[in-house]
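Letter by letter, the chains look like this.
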Amino acid sequence: MSFIRRLKKWSAEDWILNIIITITLLFLVIVTVYPFWNTVAISFNDGLDSIKGGITVWPRKWTGQNYASLFVDSRLLKAFGISVSRTIIQTILSVFCTTMLAYSLSRKEFVLKKWLTSILVISMYVNAGLIPNYMLIKKLHLINNYLVYIVPYIVDVFNFIIVRTYINGLPDSFVESARIDGANEFTIYMRIIMPLIVPVIAMICLFVAVGAWNNWFDTYLYASPKVNLHSLQYKLMEFLNSSQNQSTNAADANAMAVAAAGGSSSSMVTPISIRASITIIATVPILVVYPFLQKYFVVGMTIGGVKE
């Protein structure tokens, strides 16, 4: 009822302004959601029928054959396992090491904190380049090694700055009281600091997990010859490149003619339908995790970005 009373108090200018805002927001929602929803529709549509085009928000011929053909492929299942494992391990190690480093360099009594912080910040802006990085990875014997997905990402400087800024905003009395009680630095970090920085930890977890899940370029550079180390996103990239050529070959042209003539009604997978299915498989895990971390993401960005 209170909402209805507020509506009655609106002037003509209020109505016009709210209508414009509502239409604008609806337009933005449609523009944002439609491409993803269209991909979902294509992934559940018969591959042969998808070649004809014209699919918008609903499949014309429902089928699960596109996903079934993916999950029976052992190579794709292995790639999915690589992406999941690297995301979990990289997130845990990166968050632990980054937050521990941030706590160490946030202590006022640490003499070298300014020098080490300056070195880290400079490394974020001045990169050695692709070739020196490749040579370093090779010297560390990480080429065609699963650890190439973990070791280079243990500490992220951007996340380090956010966490250190967050810790600097905490009262020093927490640390001082723990030291009076006889706690060492690691105990203070684990039992005092970690519980207090949960929002910013959740935020950088989201950053690291999304980056690890979507990364395919490191596979391309350091592990492309070894099929067992291919990630799901690298497989998707490979298929996207190959499907661009396959979609113009004679087989697809013939399939298009059959579909246009209303020929075979059996379910058939095509590059278009498989590409949409792989895209959905690669996207859904992040969409599932993000809503649970969104509130921490907002709080972490707000508090971690302000230094007292």
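Look a little higher up for the structure.
Residues numbered from 1 in each chain as written. Predicted model: local features only at pLDDT ≥ 70, side-chain atom pairs only at ≥ 80, totals over all residues. Heavy atoms only, no water.

**Considering unusual backbone geometry**
Moving on, step 1. Even without glycine at this site, histidine 141 takes up a positive phi of about 60°.
Moving on, step 2. Along the chain, histidine 141 turns up in the loop between helix 7 (130-139) and helix 8 (157-168).
Moving on, step 3. Of note in the backbone geometry, asparagine 144 takes a positive phi value of approximately 55° without being a glycine.
Moving on, step 4. Along the chain, asparagine 144 falls in the loop between helix 7 and helix 8. (Helix = DSSP H or I, 4+ residues; strand = E, 2+ residues; numbered from the N terminus.)

**Brief notes about the packing of helix 5 (residues 74-104) against helix 10 (residues 185-196)**
The relative placement of two packed helices comes down to the angle between their axes together with the axis-to-axis distance.
Moving on, step 1. Put simply, helix 5 and helix 10 touch, their axes get as near as 11 Å, and they point 110° apart. Accordingly, the angle class assigned to the pair helix 5 and helix 10 is roughly perpendicular. The segment helix 5 lies against helix 10, with Phe96, Thr99, Met100 and Tyr103 engaging Glu185, Phe186, Ile188, Tyr189, Met190, Ile193 and Met194.
Moving on, step 2. Residue classes in the contact of helix 5 with helix 10 are distributed as nine nonpolar, one polar and one charged. (Axes fitted to C-alpha atoms, helices over the stretch in contact; angles between N-to-C directions. Parallel < 35°, antiparallel > 145°, perpendicular 65-115°, else oblique. Contact = heavy atoms within 4.5 Å. Nonpolar A, V, L, I, M, F, W, Y, C, P; charged D, E, K, R; others polar.)

**Let's talk about the side chain of glutamine 90**
Moving on, step 1. Mapping glutamine 90 onto the fold places it in helix 5.
Moving on, step 2. Classification of glutamine 90 by relative accessible area gives buried; the value is 6%. (Buried < 20%, exposed > 50% of the residue type's maximum accessible area, 1.4 Å probe, protein only.)

**Here we look at the packing of aromatic side chains**
Moving on, step 1. Throughout the structure, instances matching the rule amount to 13 aromatic pairs.
Moving on, step 2. Both rings, one in phenylalanine 44 and one in tryptophan 62, keep their centres 5.9 Å apart while their planes meet at 45°; by these two values the pair is tilted. On the criterion of sequence distance, the pair formed by phenylalanine 44 in the loop between helix 2 (12-43) and helix 3 (47-50) and tryptophan 62 in the loop between helix 3 and helix 4 (65-71) is long-range, its members being 18 residues apart.
Moving on, step 3. What makes tryptophan 62 exposed here is its relative accessible area of 53%.
Moving on, step 4. Within the aromatic cluster, the residues linked to one another by ring pairs are Phe44, Trp58, Trp62 and Tyr67. (Phe/Tyr/Trp six-rings, centres within 6.5 Å; stacked < 30°, edge-to-face > 60°.)

**Regarding the side chain of threonine 98**
Moving on, step 1. Looking at where threonine 98 falls in the secondary structure, it is placed in helix 5.
Moving on, step 2. From its side chain, threonine 98 meets the backbone oxygen of serine 94 in a polar contact 2.6 Å long.
Moving on, step 3. Not counting chain neighbours up to four residues away, the residues in contact with threonine 98 comprise Ile154, Val155, Asp156, Asn159 and Phe160. (Polar contact = N/O pair within 3.5 Å; in protein donor to acceptor, adjacent residues only side chain to side chain.)

**Here we look at the nonpolar core**
Moving on, step 1. Among the nonpolar cores identified, the biggest contains 22 residues, and Tyr103, Val163, Ile167, Ile188, Ile193, Ile197 and Val200 are the most heavily contacted of them.
Moving on, step 2. Secondary structure elements with two or more residues in this core: helix 5, helix 8, helix 9 (173-180), helix 10 and helix 11 (198-214).
Moving on, step 3. Sort the elements by how many residues they give to this core and helix 8 lands first, with six residues.
Moving on, step 4. When residues no more than four places from it in sequence are discounted, the contact partners of valine 163 are Thr99, Ala102, Ile197, Val200 and Ile204. (Core = buried A, V, L, I, M, F, W, Y, C linked by side-chain atoms within 4.5 Å.)

**Focus: the layout of surface pockets**
Moving on, step 1. Reported here for the largest pocket is a volume of approximately 920 Å³.
Moving on, step 2. Lining of the largest pocket is provided by 30 residues; of these, Asn127, Asn133, Pro152, Tyr153 and Val155 occupy positions nearest its centre.
Moving on, step 3. For the lining of the largest pocket, the secondary structure elements donating two or more residues are helix 5, helix 6 (113-125), helix 7, helix 8, helix 11 and helix 12 (217-222).
Moving on, step 4. When the residues that make up the lining of the largest pocket are grouped by side-chain class, the tally is 21 nonpolar, seven polar and two charged. (1 Å grid on protein atoms, 1.4 Å probe; cavity = no way out; pocket = protein on both sides within 12 Å on 5 of 7 lines; lining within 4 Å. Points joined across faces, edges and corners; volume = space filled by probe spheres on them.)

**Here's the deal with the packing of helix 8 against helix 11**
Moving on, step 1. The interhelical angle for the contact between helix 8 and helix 11, taken along N-to-C directions, is 175°, at an axis separation of 10 Å. For the element pair helix 8 / helix 11, the angle class is roughly antiparallel. Along its contact with helix 8, which presents Phe158, Asn159, Ile162, Val163 and Tyr166, the element helix 11 presents Pro199, Val200, Met203, Ile204, Phe207 and Val208.

**A closer look at the pattern of salt bridges**
Moving on, step 1. In the structure shown here, the tally under the stated rule is four salt bridges.
Moving on, step 2. In this structure, the salt-bridge partner of glutamate 109 is arginine 179, at a minimum N-O distance of 2.4 Å. Here the residue glutamate 109 occupies a position in the loop between helix 5 and helix 6, and arginine 179 occupies one in helix 9, the gap between them amounting to 70 residues.
Moving on, step 3. The class of glutamate 109 is partly exposed, set by a relative accessible area of 46%.
Moving on, step 4. A cluster of three or more residues bridged by salt bridges with shared partners is formed by Glu109, Arg179 and Glu185. (Salt bridge = Lys/Arg side-chain N within 4 Å of Asp/Glu carboxyl O.)

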